[in-house]
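# Reading the structure
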Amino acid sequence: MPPETIRVEADPSEDRYSRLRLIPWWEQEKIRRARVLVIGAGALGNEILKNLALLGFLQVVVVDLDQIELSNLSRAILFRSTDVGRSKADTVARAYRELLPEATVRPLTANVMQDCGLGLFAWADLILAGLDNREARLWINRAAWKTNRPWIDGAIEGVNGVARAFLPGRAPCYECTLGETDWAILDRRMSCNLLLHEATSEGRVPTTPTISSIIGGIQVQEAVKLLHGMPTLASKGYIFEGLHHTSYVVDYTENPECLSHYILDKIVDIHEASNALTLEQLLQRATADLSSDEVVLEFSRDIIHKLVCPKCGGEEECFVPVGAIRYDQGRCPSDGQMRVVQTLSGYRGEPELGKRRLDQLGLPRFDIFTARSEEAEISYCIAGDAESVLGPLAASSLNEVRR
């Protein structure tokens, strides 16, 4: 005889999120509408994304540069053995949609410091990071401050971890927490002529899936509370020590000389793409908008313009972000002399640069340029790039004037 089929009548009062709505202050609509940027898709990123999917976050961009390695499988719930060698970002995006089919997840296989424009940060309501190095955290902190966005950081090592929240315009920030040891580690990554040394051991720290689940859970819990206006770990750190299961909250101290504490005053969307606009054209628009003939365009990050050999005088134009060229690539191919790096931080009307399109500067798409005169400033988001970066999420990205 065939086994008896047991029928269970569905409770009409139950839906996917009904248990969440039992929390008195819970508003599922706020979660549904939220735009989330997740940076890092390793052990912490997997836990963050898993939790976001279970809670019903429908609009997510995930950024990660790396491919899946065999060692990731012991710490990442969204990876399978068949995924080894594949893009982390693409793989977690697919797994997210399996958990929540109605979600739109945009994977970006990219270096957040070199390949992600500030427009991506301005798009997000929340930024969650699961990273393994200070350099990227520092960049995210400065980008989040400029675009007036909150971000939630997590870090793990062994069975210990920390989660902390940084709110826009509210100090202390992540950079304020850096001490002498942190800055020494950061300095070792870059040579005195701004060329990148080989990666240090930072980035391959011992971790377990248990600590990543704890810290990733706290990070997403902080994101949910932030959306609902509940108390958060604002400028504080939640420290978890897994050996004895002790935890405590630390208060950070503001550094009055911190370089991160700057918010762009006004961001205006430009609907041309970066391949359709030159520096000269953007400067002309800024000159009209600021009613001044003395305007400077500032880039979102410094770029390497040239490598110049002091011995033979040979020059190589580069137009790449600082940090994109390794130290061993800095030697002159003719005589082996270490070349001098010439950088650009902006445009002041130089004729040799004016005809160069924005996509020919080494800056990422969907970036923000800030124009300054002596009396005012205005920032331009190159929103014509939004679709190429955000894909289907671009429809929710644009407002004519953001602030």
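Residues numbered from 1 in each chain as written. Predicted model: local features only at pLDDT ≥ 70, side-chain atom pairs only at ≥ 80, totals over all residues. Heavy atoms only, no water.

## Some thoughts on the overall build of the chain
On a plain count of helices and strands, the chain comes out with 11 helices and 14 strands. Computed over the C-alpha atoms, the radius of gyration of the chain is 23 Å, within 12% of the 22 Å expected from 2.2 N^0.38 for a compact globule of 403 residues. With respect to the three principal axes, the spread of C-alpha positions in the chain is 90 × 50 × 45 Å. Residues counted as buried form 51% of the 403 residues belonging to the chain. Pairs at least 24 apart in sequence give 69% of the contacts found in the chain among residues at least 6 apart. Split by element, the accessible area of the chain, about 19500 Å² in all, is 50% carbon and sulfur. (Helix = DSSP H or I, 4+ residues; strand = E, 2+ residues; numbered from the N terminus. Rg over C-alpha atoms; globule rule 2.2 N^0.38 Å. Buried < 20%, exposed > 50% of the residue type's maximum accessible area, 1.4 Å probe, protein only. Contact = heavy atoms within 4.5 Å. Areas by Shrake-Rupley, 256 points an atom, 1.4 Å probe, with all protein chains shown as cover.)

## Some thoughts on the pairing of strand β14 (residues 377–382)
Most of β14 is tucked away: six of the six residues are buried. The two faces of β14 match: Glu-377, Ser-379 and Cys-381 on one face and Ile-378, Tyr-380 and Ile-382 on the other face are all buried. As paired strands, strand β9 (residues 267–270) and β14 are joined by four bridges and run parallel to one another. Bridged to Ile-267 within β14 is Ser-379. Between the end of strand β13 (residues 368–372) and the start of β14, which pair antiparallel, lie four residues. (Pairing = 2+ DSSP bridges.)

## Regarding the sheet that holds strand β7 (residues 236–241)
Strand order across the open sheet formed by eight strands is β3-β2-β1-β4-β5-β6-β7-β8, with mixed pairing between neighbours. Looking along the sheet, the strands with just one partner apiece sit at the ends: β3 (104–109) and β8 (246–251). Taking the axes of each pair of neighbouring strands and ignoring which way they run, one obtains an average angle of 15° across the sheet. The pairing of strand β5 (residues 151–157) with strand β6 (residues 160–166) spans seven bridges and is antiparallel. Considered in β6, the bridge of Ala-155 is made with Val-162. In this fold helix α6 (residues 134–146) packs onto β1 (35–39), β4 (126–130) and β5, with an angle of close to 170° to the strand it touches most, β5. (Axes fitted to C-alpha atoms, helices over the stretch in contact; angles between N-to-C directions.)

## So, a negative patch on the surface
Taken together, Asp-293, Glu-294, Glu-374 and Glu-375 make up a surface patch of like negative charges. The class for Asp-293 is exposed, based on a relative accessible area of 73%. (Patch = residues over 30% accessible without salt bridge, like charges linked within 9 Å, V, L, I, M, F, W, Y side chains within 5 Å. Salt bridge = Lys/Arg side-chain N within 4 Å of Asp/Glu carboxyl O. Lys, Arg positive; Asp, Glu negative; His and termini not counted. Charge placed at Lys NZ, Arg CZ, Asp CG, Glu CD.)

## What about unusual backbone geometry?
Along the chain, Ala-171 connects to Pro-172 via a cis peptide bond; the corresponding omega equals 5°. With respect to the secondary-structure elements, Pro-172 resides in the loop between β6 and α7 (180–189). Positioned with a positive phi, Ser-291 is a non-glycine residue whose angle comes to about 50°. If you trace the backbone, Ser-291 turns up in the loop between α9 (279–289) and β10 (296–308). Its relative accessible area of 70% is what places Ser-291 among the exposed residues.

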